[in-house]
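# What the coordinates show
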Amino acid sequence: MSEHVAVSKVTAQTAEYSSALPKLLTFTLALAVGPISAYFLSEKFLWSGNSTYAAITAIVAANLVLVGYIITSMNEDNQTPVVTSQEKTESRKTR
């Protein structure tokens, strides 16, 4: 019976961590593409060739991605898992 409980805990942890991987990959891609594209697009279209302002724009874009990741991570940590009544009764039975 304890093996069943251990397997269910591992399965629950795997489900919890599997939602973090797509978020991490999304923000990694955004951090790789966002500031570079912000630099070149703002240099050409917004600042008319001024590379200093374009670099500042890229820095702001990178910081926005990082702040977005931090906020998303904090919101994910604050979410409490919902335990159904069936899971409660199963945990009581294993005690």
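What you are looking at is a predicted structure, and each value in this text was computed from that prediction instead of being measured. (Residues numbered from 1 in each chain as written. Predicted model: local features only at pLDDT ≥ 70, side-chain atom pairs only at ≥ 80, totals over all residues. Heavy atoms only, no water.)

So, on to the side chain of Glu43. By the secondary structure assignment, Glu43 is in helix 2 (residues 20–46). An unpaired buried charge is present at Glu43: no salt bridge exists, and Lys44, the closest side chain of opposite charge, is 9.7 Å distant. (Helix = DSSP H or I, 4+ residues; strand = E, 2+ residues; numbered from the N terminus. Buried < 20%, exposed > 50% of the residue type's maximum accessible area, 1.4 Å probe, protein only. Lys, Arg positive; Asp, Glu negative; His and termini not counted. Salt bridge = Lys/Arg side-chain N within 4 Å of Asp/Glu carboxyl O.)

Here the focus is the UniProt feature "transmembrane region" (unreviewed entry) in the protein chain. When the UniProt feature table is mapped onto this chain, "transmembrane region" (unreviewed entry) is found at residues 20–41 and 53–71. In the segment residues 20–41, helix accounts for 100% and strand for 0%; the C-alpha atoms at its two ends are 31 Å apart. (UniProt positions renumbered as here; feature names shortened; annotations may be inferred.)

At Ser48, a residue that is not glycine, the phi angle is positive and equals roughly 55°. Checked against the element boundaries, Ser48 lands in the loop between helix 2 and helix 3 (51–78). Since its relative accessible area comes to 67%, Ser48 is described here as exposed.

Turning to the pattern of salt bridges, a few remarks are in order. Counted according to the given criterion, the structure contains one salt bridge. The residue Glu76 makes a salt bridge to Lys23 at a minimum N-O spacing of 2.8 Å. Of this pair, Glu76 sits in helix 3 while Lys23 sits in helix 2, placing them 53 residues apart in sequence. Relative accessible area serves as the criterion here: at 32%, Lys23 is assigned to the partly exposed category.

Before going further, it helps to spend a moment on the packing of aromatic side chains. Scanning all chains against the criterion turns up three aromatic pairs. Considering the side-chain rings of Tyr39 and Phe40, the 5.0 Å spacing of their centres and the 85° angle between planes classify their relative orientation as edge-to-face. The class of Phe40 is exposed, set by a relative accessible area of 52%. Considering the side-chain rings of Trp47 and Tyr53, the 5.1 Å spacing of their centres and the 50° angle between planes classify their relative orientation as tilted. Here Trp47 falls in the partly exposed class, since its relative accessible area comes to 34%. (Phe/Tyr/Trp six-rings, centres within 6.5 Å; stacked < 30°, edge-to-face > 60°.)

Moving on to a nonpolar patch on the surface. Where nonpolar side chains cluster on the molecular surface, the patch consists of Leu21, Leu24, Leu25, Tyr69, Ile70 and Met74 and spans about 580 Å² of accessible area. Looking at the nonpolar patch, the elements that each hand over two or more residues are helix 2 and helix 3. Considering the arrangement of structural elements, one finds Leu24 in helix 2. With a relative accessible area of 40%, Leu24 lands in the partly exposed category. (Patch = residues over 30% accessible without salt bridge, like charges linked within 9 Å, V, L, I, M, F, W, Y side chains within 5 Å. Areas by Shrake-Rupley, 256 points an atom, 1.4 Å probe, with all protein chains shown as cover.)

Turning our attention to helix 3. For helix 3, with 28 residues, the first-to-last C-alpha span of 41 Å sits near the 40 Å given by 1.5 Å per residue. Taken together, the buried positions of helix 3 are occupied by Ala54, Ala58, Ala61, Ala62 and Val65. Those residues of helix 3 that are buried are in contact with helix 2. The opening residue of helix 3 is Asn50, an N-cap whose side-chain oxygen sits 3.2 Å from the backbone nitrogen of Thr52. (Expected span 1.5 Å × (residues − 1). Contact = heavy atoms within 4.5 Å. Polar contact = N/O pair within 3.5 Å; in protein donor to acceptor, adjacent residues only side chain to side chain.)

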